[in-house]
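Here are the chains, one letter per residue:
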Amino acid sequence: MAAAPVLPVVSTYRLQMRGDGMTFDDALALLPYLDDLGVSHLYLSPVLTAVTGSTHGYDVTDPTAVSAELGGPEGFSRLSAAARARGMGLIVDIVPNHVGVERPEQNPWWWDVLTHGRESRFGSFFDIDWDLDPDGRIVLPVLGSDADADALTVDGEVLRLGDRVWPIRPGTGAGTAAEVHARQAYRLAGWRSGSCGYRRFFSITSLAAVRQEDPDVFDASHAEIGRWFRAGLVDGLRVDHIDGLTDPAGYLARLRELTGPDAWIVAEKILAADEPLEPRLPIAGTTGYDVLREIGGLFVDPDGVEPLTELARETRCDTRELKAEAARGTLSSELARLGRAIVRTTGTDDPALPEAIAQLLSRVGGYRTDYRVLAPVLPEAISETISAAPELTSAVQLIATALDQPEPASRLQQLCGAVTAKAVEDTLFYRDARLVSLNEVGGTPERFGMSTGEFHQRAVARARDWPATMVTLSTHDTKRSEDVRSRITALSQCADLWAGRVRRWNTVCVPPDEGTGLFLWQNIIGVWPVSGEVDDALRERLHAYTEKAVREAELHTDWEQPDREFERAVRDWIDALLDGPVANEVTALVGQLDEAARCNAVAQKLLALTVPGVPDVYQGTELFDDSLVDPDNRRPVDFALRQTELDTLSHPKIRVVAGALRSRRERPATYLSGDYTPVVADGPAADHVIAFLRGTEVLVVVPRWTLKLDESACAETTIPLPDGDWSDRLTGRTWSGTVTADVLFAELPGALLEKARV
């Protein structure tokens, strides 16, 4: 039977699949609602078999089978068929870089490698450092300390430590547990040892890297994915973390061959602010963090830069030093392995080699440099390193010599991505407290906002070069939801007021340290209820968030050696804030910000749904959402409430989402291939207005900086409409000629004007 034709991807709606609340049948039940909302494709988080009870699916344990917890292949097929019956399709997130090994007994490939070592038929599937241990054993940093190995017991065919087990090679199970352990293909070690016998996903030891550059590994790990396309079950893929692979471009070429030319493929590729996406990649684009940065930047008021910079002066960080520290510390095992590869390749050792690698990587601005379009980046970093640290010249030249060979070249690139992620996303973004809404995946906090001109030029380029790339505002990885960011961003419009309030509050409710306090104050403002009624659920969420935030910052505590006293002090400070006199003042400030924050939220949502690219709506964000970083953003979504709001269209955000998605569905060519043409407003509030045409039939207009927007100025600011009658999809009102901003924004902070068809 021929596969069903690939459906054009006009929009996506992200669902976080999990066995305890969002199975395939649960998703199937949502189809009527999502269809009515205007969604063209469900976009599912990973659906292959993961660690039992996984709430995210990125810890895949068996890439050859659809998760039974989610409903198995039968449930997957039912969902696909039901979606297609409505003219909808499926996009699925896949994870080629790594698999989950936290529970080795649940991962057949990993279990076999631990059992048989180099002789395992899956030995070549993993990026294992066979030379790390003198006896060629795989070093597994899974124990609390090396001494924990003394508590191992032999339990039939496994070594056991509490509820954790590892395999015993056949014929080696006689004797004491220590004797049996010594005969295995692996060596259990303390996780603080700094040694790991396999490449990890960044520094996460429970995720082991897979060698997709090997055709046999690719074929084995993508057999089920290939079946989806042959059977017409899916229309596209989201590819997780391509920069972790040895050869991202080669991998994507093989994936394109597997899926066929029509599949919509986007890759999680985090671009630096001025980094272009490699044009030769056979994909539709990225997963949208670059557009998130651009849209969010529009709503940052540049007038706030000086007072906010001064307020956060003590929290500003040296990104370069953070990267070097990450290489020397958390990623020291990967650093040492790269060093050994360089020594093997060149036949020369240099005691300064580790520091030279760390300093070189600290001068690379992105995740990796081996895409053709980035050819100048690494030579420039080499030159800068030698200039800044001449004592490292010989070691840096040794690195440069080795990069002609595949192993050191690929390991340098993979370490570069891990260093960037650890230093920037996981550390800097939890320390820098100037305006934390800028501290987002793909973000550039040192750039305070974005001008209208830059935004328009980037949109024009995207329409030309990557018209089907993903556009997003919230994902499972964002540090805080789009709406929380919108409220925090509104602080830039009242920066002096904000700075004064924080300084006063810190004298009444003194934080453990001011830098931590300033960072947390903004997040608290972002989620604070307008009513001021903080319930136990929000209190617990703030406790959980603050613990994660201070550990990620690694200034006073961390994940490896938590400072319980400091963490208790932060928790007590949160409680004192919630229960003390400052709470009323926080409520008052939030009341002043709320209307502007909601305008920001609705306006940026309309932009995300209409600028060049394919928009994704993260689950639940069609209404205002106060989620913080994961796992907070994986909380259950109240879809019954959203169905009620969709039926009435009284909520401004769902009104915009439904209107824009339905417009896209009716006019796919306009949004998928139509030009982007900036429209310039005229009048005293012109800087507050963003307007553009899509093709010749859709005109979008939104306000910004509404906290400072004077009504009379708005009434004197005009937007010229092209010839013809234009009807606002969101309100039903019709205009022609020239219209004033106050009229356009009378009901909603945004207008979606469609040209009447004759």
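Residues numbered from 1 in each chain as written. Predicted model: local features only at pLDDT ≥ 70, side-chain atom pairs only at ≥ 80, totals over all residues. Heavy atoms only, no water.

## Comments concerning the overall build of the protein
Now for step 1: In terms of regular secondary structure, the protein is built from 28 helices and 26 strands.
Now for step 2: By the compact-globule yardstick of 27 Å for 758 residues, the protein fits well, its C-alpha radius of gyration being 27 Å.
Now for step 3: Along the three orthogonal principal directions, the C-alpha set of the protein runs to about 85 × 70 × 50 Å.
Now for step 4: Residues classed as buried in the protein amount to 60% of the 758 residues present.
Now for step 5: Taking all contacts inside the protein whose residues are at least 6 apart in sequence as the whole, residues at least 24 apart take part in 73%.
Now for step 6: In the form shown here, the protein has an accessible surface area of approximately 28100 Å², with 50% of it arising from carbon and sulfur atoms. (Helix = DSSP H or I, 4+ residues; strand = E, 2+ residues; numbered from the N terminus. Rg over C-alpha atoms; globule rule 2.2 N^0.38 Å. Buried < 20%, exposed > 50% of the residue type's maximum accessible area, 1.4 Å probe, protein only. Contact = heavy atoms within 4.5 Å. Areas by Shrake-Rupley, 256 points an atom, 1.4 Å probe, with all protein chains shown as cover.)

## Topic: the pairing of strand β15 (residues 264–267)
Residues in a regular strand point their side chains to alternate faces of the sheet.
Now for step 1: Judged by which residues are buried, β15 turns out to be covered on both faces: Trp264 and Val266 on one side and Ile265 and Ala267 on the other are all buried.
Now for step 2: In the sheet, strand β14 (residues 236–239) pairs with β15 via four bridges, with the strands oriented parallel. The residue bridging Arg238 from the neighbouring strand is Val266, located in β15.
Now for step 3: Crossover handedness for the path β14 to helix α8 (residues 248–259) to β15: right-handed.
Now for step 4: Of the strand pairs in this sheet, β15 and strand β16 (residues 285–286) are connected by two bridges, and their pairing is parallel. Bridge pairing in β16 links Ala267 to Thr286. (Pairing = 2+ DSSP bridges. Right-handed = clockwise from strand over helix to strand, strands pointing away.)

## Re the sheet that holds strand β8 (residues 153–155)
Now for step 1: Taken in spatial order, the three strands make up an open sheet running β8-β9-β10, and their pairing is antiparallel. A single partner strand is all that each edge strand has here, and the edge strands are β8 and β10 (164–167). Going across the sheet, the axis of each strand differs from the next one's by a mean of 35 degrees, ignoring polarity.
Now for step 2: In terms of strand pairing, β8 meets strand β9 (residues 158–161) through three bridges, oriented antiparallel. Within the sheet, the bridge partner assigned to Val154 lies in β9 and is Leu159.
Now for step 3: In the packing of helix α4 (residues 108–116) onto the sheet, contacts are made with β9 and β10, and the angle to β10 comes to roughly 60 degrees. (Axes fitted to C-alpha atoms, helices over the stretch in contact; angles between N-to-C directions.)

## Quick notes on the sheet that holds strand β12 (residues 200–201)
Now for step 1: Pairing in this open sheet of three strands is antiparallel, and the strands run β6-β13-β12 from one edge to the other. Since the sheet does not close on itself, it has two edges, and those belong to β6 (98–100) and β12, each with one partner.
Now for step 2: Here β12 runs beside strand β13 (residues 204–209); their pairing, made up of two bridges, is antiparallel. Counted as the bridge partner of Arg200 is Ala208 from β13.

## Looking at a negative patch on the surface
Now for step 1: Together, Glu533, Asp535, Asp536 and Glu540 make up a region of like negative charge exposed at the surface.
Now for step 2: Within the secondary structure layout, Asp536 lies in helix α21 (residues 536–553). (Patch = residues over 30% accessible without salt bridge, like charges linked within 9 Å, V, L, I, M, F, W, Y side chains within 5 Å. Salt bridge = Lys/Arg side-chain N within 4 Å of Asp/Glu carboxyl O. Lys, Arg positive; Asp, Glu negative; His and termini not counted. Charge placed at Lys NZ, Arg CZ, Asp CG, Glu CD.)

## Comments concerning the domain arrangement of the protein
Now for step 1: Segmentation of the protein into domains returns domain 1 (12–97 + 212–268), domain 2 (104–209), domain 3 (319–406) and domain 4 (674–755).
Now for step 2: Placing the centre of domain 1 and that of domain 4 at their C-alpha centroids yields a distance of 39 Å. (Domains from an automatic or database assignment.)

## Re the pairing of strand β21 (residues 698–703)
Now for step 1: When you tally the buried positions in β21, you get six out of six residues, the bulk of the element.
Now for step 2: Taking every second residue as pointing to the same face, both faces of β21 are buried, with Val698, Val700 and Val702 on one and Leu699, Val701 and Pro703 on the other.
Now for step 3: Of the pairings in the sheet, the one linking strand β20 (residues 689–694) to β21 comprises six bridges and is antiparallel in character. Bridging across to β21, Arg694 finds its partner in Val698.
Now for step 4: In this antiparallel pair of consecutive strands, β20 and β21, the connection spans three residues, and Gly695 shows a positive phi of 60 degrees.

## Topic: the pattern of salt bridges
Now for step 1: Inspection of every chain in the model, using the stated rule, returns 67 salt bridges.
Now for step 2: Note that Asp274 is salt-bridged to Arg447, the shortest N-O span being 2.4 Å. Placement of Asp274 in the loop between β15 and β16 and of Arg447 in the loop between α16 (406–425) and α17 (452–465) is noted, with a sequence separation of 173 residues between them.
Now for step 3: Residue classification places Asp274 among the exposed positions, given a relative accessible area of 54%.
Now for step 4: Close ionic contact of Asp575 with Arg539 constitutes a salt bridge, the shortest N to O distance being 3.0 Å. With a gap of 36 residues between them, Asp575 in helix α22 (residues 564–579) and Arg539 in helix α21 connect regions that are remote in the sequence. One exposure class covers both Asp575 and Arg539, and it is buried.

## So, α17
Now for step 1: Between its first and last C-alpha, α17 extends 20 Å over 14 residues, near the 20 Å set by a 1.5 Å rise per residue.
Now for step 2: Along α17, the residues that are buried comprise Phe455, His456, Ala459, Arg462 and Ala463. Angular distribution of buried residues about the axis of α17 spans 125 degrees; they occupy a single face of the element. Projecting away from the buried face of α17 at angles above 90 degrees are the exposed residues Gln457 and Arg464. (Expected span 1.5 Å × (residues − 1). Arc of directions from axis to C-beta.)

## Observations regarding the environment of Asn600
Now for step 1: Mapped onto the fold, Asn600 is located in helix α23 (residues 582–610).
Now for step 2: Leave out the neighbours within four places in its chain, and Asn600 touches Phe299, Ser486, Thr489, Ala490 and Gln493.

## Here we look at the UniProt feature "domain: Glycosyl hydrolase family 13 catalytic" (unreviewed entry) in the protein
Now for step 1: Cross-referencing UniProt, the feature "domain: Glycosyl hydrolase family 13 catalytic" (unreviewed entry) maps to residues 10–664 in the present numbering.
Now for step 2: A helix fraction of 46% and a strand fraction of 11% characterise residues 10–664, whose end C-alpha atoms lie 7 Å from each other. (UniProt positions renumbered as here; feature names shortened; annotations may be inferred.)

## A closer look at the side chain of Asp290
Now for step 1: Structurally, Asp290 can be placed in helix α9 (residues 289–298).
Now for step 2: Among buried charged residues, Asp290 stands out as having no salt bridge; its nearest opposite-charge side chain is Arg293, 5.9 Å away.
Now for step 3: Polar side-chain contacts of Asp290 include one of 2.9 Å to the side chain of Thr286. (Polar contact = N/O pair within 3.5 Å; in protein donor to acceptor, adjacent residues only side chain to side chain.)

## Points about the nonpolar core
Now for step 1: In this structure, Leu15, Leu37, Leu42, Leu44, Phe76, Trp228 and Ile295 are the most contacted members of the largest nonpolar core, which totals 88 residues.
Now for step 2: Both domains that furnish three or more residues to this core are identified here as domain 1 (12–97 + 212–268) and domain 4 (674–755).
Now for step 3: Not counting residues up to four positions away in its chain, the partners in contact with Ile295 are Phe455, Val471, Leu473, Gln604, Leu607, Ala608 and Val611.
Now for step 4: Of all hydrophobic cores here, the second largest spans 50 residues; its members include Leu308, Leu518, Leu589 and Val590. (Core = buried A, V, L, I, M, F, W, Y, C linked by side-chain atoms within 4.5 Å.)

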